[in-house]
Amino acid sequence: MKKKVIVIGLDGLEPTIVESLLQHGELPNLSRIRQHGHYGRIKTTYPAQTPVAWSSFATGTNPGAHGIFDFIRRDPETYQPDLALSQFLPPKNAFSPPRVVSRRKGVALWKVLAQAGVPSTVLRFPCAFPPDVGCGRILAGVGVPDLRGGQGTGAFYTQDPTITAQEHEQLVHLAKADDIKTHVIGPRNTSVKPFTDLTTEIRVRVDRAASKLIIETGGTPAKIEVAEKAWGPWVRLKFKLSMLQSIPGMVRFYVCQLAPLIQFYASPVNFDPASPLYPISAPAEYARELADKVGLFSTLGMAEDHTAYNNGRFDEQAYQAQCDSVFEEREKMMLFELDRFREGFFFVLFDTPDRVQHMFWRLRDRQHPGYNPDLAQRCEEPIEKMYRRCDKMLASVVNRLDENTLVIVLSDHGFNSFRRSFDTNTWLWQQGLLALKNDKKPAEDLTNPAESIDWSKTHAYAVGLGGIYLNLRGREQAGIVHEGAEADRVRKAIEEGLREIVDSERQRPAIQSVSRRESIYSGAFVSESPDLLVNFQEGYRVSWQSAVGGFSDTLLSDNTRFWSGDHIIDPEAVPGVLFMNHPVRRENAAITDMAPTILHYLGVPADPAMEGESLI
Amino acid sequence: MRICILGLDCAAPEVVFGDERLVNIRRLMDSGVYGRLESVVPPITVPAWMCMTTSQDPGSLGVYGFRNRSDYSYEKLGFANSNSIKAFAMWDQLALEGKKSIIMGVPPNFPPRRINGISIGCFLTPDPVRDEFTHPTSIKSKITELVGEYPVDVKNFRTDRKDWLRDEIFRMSRKQWEIVHWLMREQEWDYFHYVDIGLDRVHHGFWNYFDKQHVQYEAGSPYESVIPEYYLWLDEQIGRVMESLDEETILLLVSDHGAKRLDGGFAVNQWLIQEGLLVLNQYPKEVTPFNKLDVDWSKTRVWSEGGYYARVFFNVQGREPQGTISPADYERFRDEMKARFEGLADDKGRPLDSLVFKPNEIYRSLRNVAPDLIVHFGGLSWRSIGTVGYPELHVQENDTGPDACNHAQFGMFVLAAPNSPLSGVYEGARLLDIAPTLLDLGGYEIPDSMQGRSLVAGMEKKQTDGMNDAGSEKIIHDRLAGLGYV
């Protein structure tokens, strides 16, 4: 019998919740796995983020050796924030498209397996866009953009002319009629200056008697009917770039209301798995094969549409319905692959638990500024419901257990409340470590923060979800801090200052510790990481504004967004969970131990760069 | 400027320009100029590719098809090989200017031309395992190291074993393209020219499953998608090449001729016998190839070679050993024959609409032994069958094996160059215009021997000053949209 390893990733599953549900017998399948082997907490990465931790899972190394330190990086030439997962390169010639390469370095375990002739199937792996070629079947997950190149920009359609666009969305005002011609907004056309949007026309009619919207799409299906408060099916569309070229994509509609005014929503336009703009799978045609076999599925990395929910474009029920269908899509592809899985390595990631916890944590935390008892009652423990759902899904995995199969269920990090936000840049400004031009004061409306900062007087700045960079001479474009004693003084000032931060409103310290990169990272890519990492206390996180290099009006403020749970705090406080149907040799498992464990079980020597050790 | 030519043997403009799934080709069309490309008469792989690279017509090259009369005897036919064509080609011009070329599978290229660079044999290579088919010879072992045994063609592609044929064609083409990508990446070149012969073989083998107008078309055949799949696969390969080229390269996709359905074959020698123009001592009892017939040359006035088109020869006094036509009567007789060919009907009695050419009228000069007439039966909807002994003149089976497709007069081209002033559809381009156009865009001398014209002659070339990246900041900013954490 050939050996098999099945890994089910449940993004963001929090140990305290898992343990409590286990105790109450509510996770029978996870219980069974534990009875066969092991349950414990698993150490995550610095910082505790999906792309960072899963990259460490894949490579068995700390982030310093795989180069993924955060969702967000900054360009030291321009100080501008950018997505850190993939790199878009300009076209090499007049007739080729821009290229995209993954920024994740190091050797993933599927590469080690491929070299040993062991096959892999990896579904929805974060930070694998575009995926490694020649290592089996890989479908990329978190990091795959929508057709506009972002992580998800939907469109809200309304007949109310007073409504204006919110963050990360397109707004389309509709004519006041029951038969309307409008359009779906597709990718940007960057071949013309200034850029324009490519659109495709749709016709929308209201059937008031049946309370539904009839949408003629010009795509496939050509006509759909979507009931009020319901999601329609995936519609494949084409956006005409020229007489000759069109860009395929797919979209789902949600009908928010039909009266008194018509309002509906179009999801971010996803890549069509049959013909994605960039490779989302390896081999390239694998995504098409999957879609042929299991039906269309979200290809966008962050498939759950938290932005529209956060913006109030649809309600809890709509968000949960969408989470459910993403989960179902994932389950279908998992079952399809498990049915033909005979040997080697299988991996699938369910991201939905992470997205549900981000949005609904406020319903389980009475101390959260967004706590809403009525809603909490109506939603009936959406987080626990999701955990039970995950467990139910595992039945088909547990049923496959045999003596030649290693089953691993794990999360990449835990979860916690995000009650209060801390603005690192505002604090740096208060400390005199960061200067603004023209005597400006930190404020949210500094539209391009990098241009508002006086770099000639700035010693340090924050970009990303906890990172602080020194404005180093020779590295940053307008760096002033000399490496050595001067840089060390700045580091020390930041470390000491931040450790003393107390949230006077809540009478609690906000920050657990500050890590220097040398103390947490090693490897070839350490020089690309932030110089310092802020490890927040439970309940705190870096502010929305600081994350993209900007400023808040106040140092500490309530987080009133629906995005109310988070995990980017002190990594020691948000370990993940690890279930295996095999006893472990030792406790204190770390996510870097997983690749060596899997390789060991399959009888393949680990890559010498791997830092972890097999648990079995 | 570097020149990269991806030759797609037999690529049909209606397929290349009509299938929107060919996304890479579409992108290239959008960034360049494209259109139908009129081939030479005859529109045949040999000599068409060399007509393109030398910009000389078949008469001037002295090659009228794969097989050519070596002299005015009745028997001697020679197969064209690379030594048959010594005319000055684009790579010779580049060599004069000190540049290196790679030519791969550009027919005829056996024995491999000894060019300044790398030369790899074409489908005419008799045995790629035993023969030296590369120049320099060391390249052969590198090829074998990369892909194992290197196939130059699918032997016996006229077959009813369609599964085998499809798999063999793909197997060959995968290996060839692997070498294409390797050569492009690893070797030095200023001129790269590859000819994919797999496409031609796919057309001949599967056109009847693809073309709904074909007499043998059957709906729902499992082979219906073989041709589109091959084009899709080619599009992928082309996409890979497009991504690998630098900013200073001209890229041309081009075919030597198009493809069209075969309605049948016309037994030309059998017809000549019926007409009393070709006289046999004994009429065969079974279907017999022309060279096995017992011809009474003293009474014969006309005979023909078969193939996709007819090469018709006259038995002329003082030219052929037993000539019957007096030289004084030659032109009158030729006009008469031309009219009789043009008057032929199809199997249902409708005009066959054949095209009949006098070589001296269509070629700038005539070298070697030219046919007296060249006939495209039914404008190439009908093949020329040289074999004799059929019950009818119009036959469905082909004397050289199952073949569903003939060549069409119009092939296709897509030309993209950073400095090209042309865009959109181009009407009226001819095969012989390709070489002068490429040399012109590339900044090379156009030799006087070239007969075509540069499509960009007298036009101002575009400046190639890199990409405009205005607005990229907005794009970077938008990459974080919807991340949730921000």
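What counts, and at which threshold
Residues numbered from 1 in each chain as written. Chains lettered and ligands numbered in written order. Predicted model: local features only at pLDDT ≥ 70, side-chain atom pairs only at ≥ 80, totals over all residues. Heavy atoms only, no water. Contact = heavy atoms within 4.5 Å. Buried area = accessible area lost by both parts, 1.4 Å probe. Polar contact = N/O pair within 3.5 Å; in protein donor to acceptor, adjacent residues only side chain to side chain. Helix = DSSP H or I, 4+ residues; strand = E, 2+ residues; numbered from the N terminus. Nonpolar A, V, L, I, M, F, W, Y, C, P; charged D, E, K, R; others polar. Salt bridge = Lys/Arg side-chain N within 4 Å of Asp/Glu carboxyl O. Buried < 20%, exposed > 50% of the residue type's maximum accessible area, 1.4 Å probe, protein only. Core = buried A, V, L, I, M, F, W, Y, C linked by side-chain atoms within 4.5 Å. Pairing = 2+ DSSP bridges. pLDDT = per-residue confidence, 0-100. Phe/Tyr/Trp six-rings, centres within 6.5 Å; stacked < 30°, edge-to-face > 60°. Lys NZ or Arg CZ within 6 Å of the ring centre and 35° of its normal.

The next thing to look at is the interface of chain B and chain A. Every contact between the two is made by 37 residues of chain B and, on the other side, 49 residues of chain A. Contact between chain B and chain A buries roughly 3,600 Å² in total, counting both sides, with carbon and sulfur atoms accounting for 59%. In terms of surface lost to chain A, no three residues of chain B exceed Arg479(B), Tyr485(B) and Val486(B), which account for 24% of the buried area on that side. For the pair chain B and chain A, the number of links is 13 residue pairs in polar contact (both at pLDDT 80 or more). Elements represented by at least two residues in the side of chain B that touches chain A include exactly helix H2 (23-31), helix H9 (226-244), strand S9 (249-254) and helix H14 (472-478) of chain B. Looking at the side of chain B that touches chain A element by element, the count peaks at seven residues for H2(B). In terms of residue class, the side of chain B that touches chain A is made up of 19 nonpolar, seven polar and eleven charged.

Time to look at the pattern of salt bridges. Residue and element names in this part refer to chain A. Under the counting rule described, the total for this entry stands at 79 salt bridges over all chains. Arg 420 serves as the salt-bridge partner of Asp 503, at 2.8 Å between the closest nitrogen and oxygen. Taken together, the residues span a long stretch of sequence, with Asp 503 in strand S26 (residues 502-503) and Arg 420 in strand S23 (residues 416-422) at a distance of 83 residues. As far as the burial class goes, Asp 503 and Arg 420 line up, both buried. Several salt bridges converge on common partners, so that one network encompasses Arg 74, Arg 475, Glu 476, Arg 517, Glu 518 and Asp 531.

Turning our attention to the nonpolar core. Within soluble globular proteins, side chains that are nonpolar generally end up buried alongside one another. Membership of the largest hydrophobic core comes to 156 residues, with the highest contact counts inside it found for Ile8(A), Phe253(A), Ile494(A) and Leu498(A). A per-element tally of this core places helix H8 (residues 316-339) of chain A first, with eight residues. Among all residues touching Ile8(A), those that are not within four sequence positions of it are Met334(A), Phe346(A), Val348(A), Phe350(A), Met393(A), Leu394(A), Val397(A), Ile408(A), Val409(A) and Leu410(A). Listed in part, the 69 residues of the second largest apolar core include Ile118(B), Val147(B), Leu165(B) and Leu234(B).

On to the pairing of strand S17 (residues 253-257) of chain A. Residues and elements named next belong to chain A. Counting buried positions along S17 yields four of five residues, so the element is predominantly enclosed. Pairing of S17 with strand S18 (residues 263-266), which is carried by four bridges, proceeds in the antiparallel orientation. Across the sheet, Gln 257 pairs through a bridge with Gln 263, a residue of S18. Here S17 hands over to S18 after five residues, the two strands then running antiparallel side by side.

On to the confidence of the model for chain B. Scored by pLDDT, chain B has a mean of 94; 98% of the residues are at 70 or more. Under a pLDDT of 50 for its full length, residues 466-470 of chain B has, in the predicted model, eight contacts with residues more than four places off or in other chains.

What follows concerns the packing of aromatic side chains. Evaluated as defined, the whole model comprises 60 aromatic pairs over all chains. Judged by centre distance (6.3 Å) and plane angle (85 degrees), the rings of Trp231(A) and Tyr265(A) are edge-to-face. Here the residue Trp231(A) occupies a position in the loop between strand S14 (223-227) and strand S15 (235-240), and Tyr265(A) occupies one in strand S18, the gap between them amounting to 34 residues. Here Trp231(A) and Tyr265(A) have matching classes, each one buried. Seen in terms of ring centroids, Trp91(B) and Tyr191(B) are 6.0 Å apart; in terms of plane orientation they differ by 65 degrees. Their pairing is edge-to-face. Placement of Trp91(B) in helix H5 (residues 90-96) and of Tyr191(B) in strand S8 (residues 191-196) is noted, with a sequence separation of 100 residues between them. Neither Trp91(B) nor Tyr191(B) differs from the other in exposure class; each is buried. Over the ring of Trp361(A) we find Arg364(A), and its NZ or CZ is 4.9 Å from the ring centre.

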